[in-house]
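Structure assessment
Residue strings, one per chain:
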Amino acid sequence: MMASKAPRFIARATPKNIKPKTLQWFPGHMAKGLKRMQMMSSKIDCVIEVHDARIPFTSRNTYANKAYEKKPRILLLNKCDLVSQDEVNVACRRIAVQEGIRVIPTHLMVKNMGVMRSVIRSAHEMASAEQLTTTKESYSLFVSGVPNVGKSTFINLFTKKQDTDKNKLKIAPHPGVTKNLSNKVKIMKSPLTYIYDTPGVNLPRPEDFDSVMKLAVVGGIPEHVTGVVETADYALFWLNRKKEYAYAKQCGLSGPSNNIIEVLAYMSRLYAFETASGKPDILRTGEKFLKQFRKGGFGYIMLEDLI
Ligand SMILES: Nc1nc2c(ncn2[C@@H]2O[C@H](COP(=O)(O)OP(=O)(O)OP(=O)(O)O)[C@@H](O)[C@H]2O)c(=O)[nH]1
Ligand SMILES: [Mg+2]
């Protein structure tokens, strides 16, 4: 007798399974930060934009870019450790060709000062070319980008080991940590180079569903804004779309699923996450699911169709 084959899994075609709570997150500090960036812009020689490699096109905030649109820019595609090298290469090439800017893939959890100094040297070159000069006495740079991409982490790499925590910028794995434009930080003696940290700025209005949900999945918008289960559902959509099914086993399922409630119910059993009434604690499990996703626990995936 022939063994019956397991039915082939078909990933759902639409990401919009569950409606997000809201698509808007633009706290007051972002509007203030943007205004200050606009005011400071004339003093800046070059902008170092930091982006999340998992959403290389979405995290390009054209709205914030308007604050310094005439300035030369370098783009760091950060958190490359969470995406496949092939996808990073394609995304870097595509952005460089489409926008005519230099794109550098980075992984800032590893302190590679050679790469960091080459970023700053590129900023010097671009600023000098823009201002038609060969040397400048000093340079001032901005680091900018959407929340939680690693802007403050980048600057801290230049501060000395012996610096106390007081001198370091605050870093945390959630968005909205830097709330104000920082004082200038000296990062190079020769040529004298200063950099300013800036608050991560999102879109002031929900421009489109996918952009907001992608930002929420990678931690650029707090998941309580879009909804924990709703955000986890969007992450599940991309896991299935990219055929990354490791989550199924890790959540205690026998195979992939298009249903986030089913996935979280199984996962909650594994972790014994229950409500006081003994039901699966879907909310707490949803947070755990997102945490796992964000650290690459279910696979390293880019939330973009590159082909
Ligand atoms: N996996 C990984 N994590 C990173 C990398 N760079 C930074 N992080 C982490 O990302 C989180 C956010 O870093 P921050 O430097 O606070 O990000 P930010 O852009 O300044 O965030 P806001 O101030 O909220 O806008 C922290 O937990 C960092 O440790 C990276 O290359 N890879
Ligand atoms: Mg910061």
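Every value quoted in this text rests on a predicted model; they were computed, and no experiment measured them. (Residues numbered from 1 in each chain as written. Chains lettered and ligands numbered in written order. Predicted model: local features only at pLDDT ≥ 70, side-chain atom pairs only at ≥ 80, totals over all residues.)

1. Some remarks on helix α3 (residues 85–99)
A rise of 1.5 Å per residue sets the reference length of α3, with its 15 residues, at 21 Å; its end C-alpha atoms lie 21 Å apart and thus fit the reference within 8%. Within two residues after α3, G100 carries a phi angle of roughly 65°, on the positive side. (Helix = DSSP H or I, 4+ residues; strand = E, 2+ residues; numbered from the N terminus. Expected span 1.5 Å × (residues − 1).)

2. A few points about the site of ligand 1
The environment of ligand 1 is formed by 23 residues, the closest being G150, T153, P173, T178 and G200. If you tally residues by element for the shell around ligand 1, the top one is helix α5 (residues 151–156), at three residues. Among the residues making up the shell around ligand 1, the classes are represented as eleven nonpolar, nine polar and three charged. (Near = placed C-beta within 6 Å. Nonpolar A, V, L, I, M, F, W, Y, C, P; charged D, E, K, R; others polar.)

3. A few points about the domain arrangement of the chain
Many authors give the size of an interface as the accessible area that is lost as the parts come together. Domain boundaries assigned for the chain yield domain 1 (28–196) and domain 2 (227–294). Spacing between the C-alpha centres of domain 1 and domain 2 amounts to 34 Å. (Domains from an automatic or database assignment.)

4. Section: the nonpolar core
Across soluble globular proteins, you tend to see nonpolar side chains buried next to one another. Grouped together as the largest cluster of nonpolar side chains are 69 residues, with contacts concentrated most on I48, L141, F142, A232 and A235. Looking at which element gives the most residues to this core, the answer is helix α8 (residues 228–241), with nine residues. Each of domain 1 (28–196) and domain 2 (227–294) gives at least three residues to this core. With near-sequence residues (within four places) excluded, F142 lies in contact with M37, I44, V47, I48, Y68, Y196 and T198. (Core = buried A, V, L, I, M, F, W, Y, C linked by C-beta atoms within 7 Å. Buried ≥ 20, exposed ≤ 12 C-beta atoms within 10 Å, placed from the backbone. Contact = placed C-beta atoms within 7 Å.)

5. Details of the packing of α8 against helix α10 (residues 260–271)
Viewed as axis vectors pointing N to C, α8 and α10 meet at an angle of 100°, and their least axial separation amounts to 9 Å. Taken together, α8 and α10 sit at an angle that is classed as roughly perpendicular. Contacts between α8 and α10 involve V229, A232, D233 and L236 from the former and I260, V263 and L264 from the latter. Grouping the amino acids of the contact of α8 with α10 by side-chain chemistry returns six nonpolar, no polar and one charged. (Axes fitted to C-alpha atoms, helices over the stretch in contact; angles between N-to-C directions. Parallel < 35°, antiparallel > 145°, perpendicular 65-115°, else oblique.)

6. Here we look at the pairing of strand β6 (residues 192–196)
Sheet topology note: the strand β4 (residues 138–144)/β6 ladder contains five bridges and is parallel. By the bridge assignment, S140 is partnered in β6 with Y194. Strand direction decides the pairing type here: strand β5 (residues 185–188) and β6, joined by three bridges, are antiparallel. Bridging across to β6, K186 finds its partner in Y194. (Pairing = 2+ DSSP bridges.)

7. Some details on the environment of L23
Tracing the backbone shows L23 in the segment before α1 (28–40). Judged by local crowding, L23 falls into the buried class, with 20 C-beta atoms found within 10 Å. Sequence spacing of L23 and D210 is 187 residues, and the spatial spacing of their C-alpha atoms is 9.8 Å. Sequence-distant contacts of L23, that is, excluding residues within four places in its chain, are made with P206, F209, V212 and T226.

8. Some thoughts on the packing of α10 against helix α11 (residues 282–294)
Relative orientation of the contacting elements α10 and α11 amounts to 90°, with a least axis distance of 9 Å. Relative to α11, α10 is oriented roughly perpendicular. Residues I261, L264, M267, S268 and Y271 of α10 form the contact with α11, whose own contacting residues are I282, T285, G286, K288 and F289. Looking at side-chain class alone, the contact of α10 with α11 contains six nonpolar, three polar and one charged residues.

9. Looking at α8
In an α-helix there are 3.6 residues to a turn, and that puts residues three or four apart on one side. Here α8 is 14 residues long and its end C-alpha atoms lie 20 Å apart, about the 20 Å a rise of 1.5 Å per residue gives. Within α8, twelve of the 14 residues are buried, which leaves the element mostly enclosed by the surrounding structure. For α8, the secondary structure elements touched by its buried residues are α6 (209–218), α7 (223–226), α9 (246–250), α10 and α11. Phi turns positive one or two residues past the end of α8, at K243, with a value near 55°.

10. Examining the sheet that holds strand β3 (residues 102–105)
The strand order across the open sheet formed by six strands is β3-β2-β1-β4-β6-β5, and the pairing between neighbours is mixed. Of all strands in the sheet, those bounded by a partner on one side alone are β3 and β5. Taken over all neighbouring pairs, the strand axes of this sheet differ in orientation by 30° on average, direction set aside.

11. Focus on unusual backbone geometry
Each neighbour pair has its own omega, and for S190 with P191 the value is -10°, a cis peptide bond. Considering the arrangement of structural elements, one finds P191 in the loop between β5 and β6. In this model, K243 sits at a positive phi of 55°, which is unusual for a non-glycine residue. Examined against the element boundaries, K243 turns out to sit in the loop between α8 and α9. The phi torsion at A272 lies on the positive side, around 55°, for a residue other than glycine.

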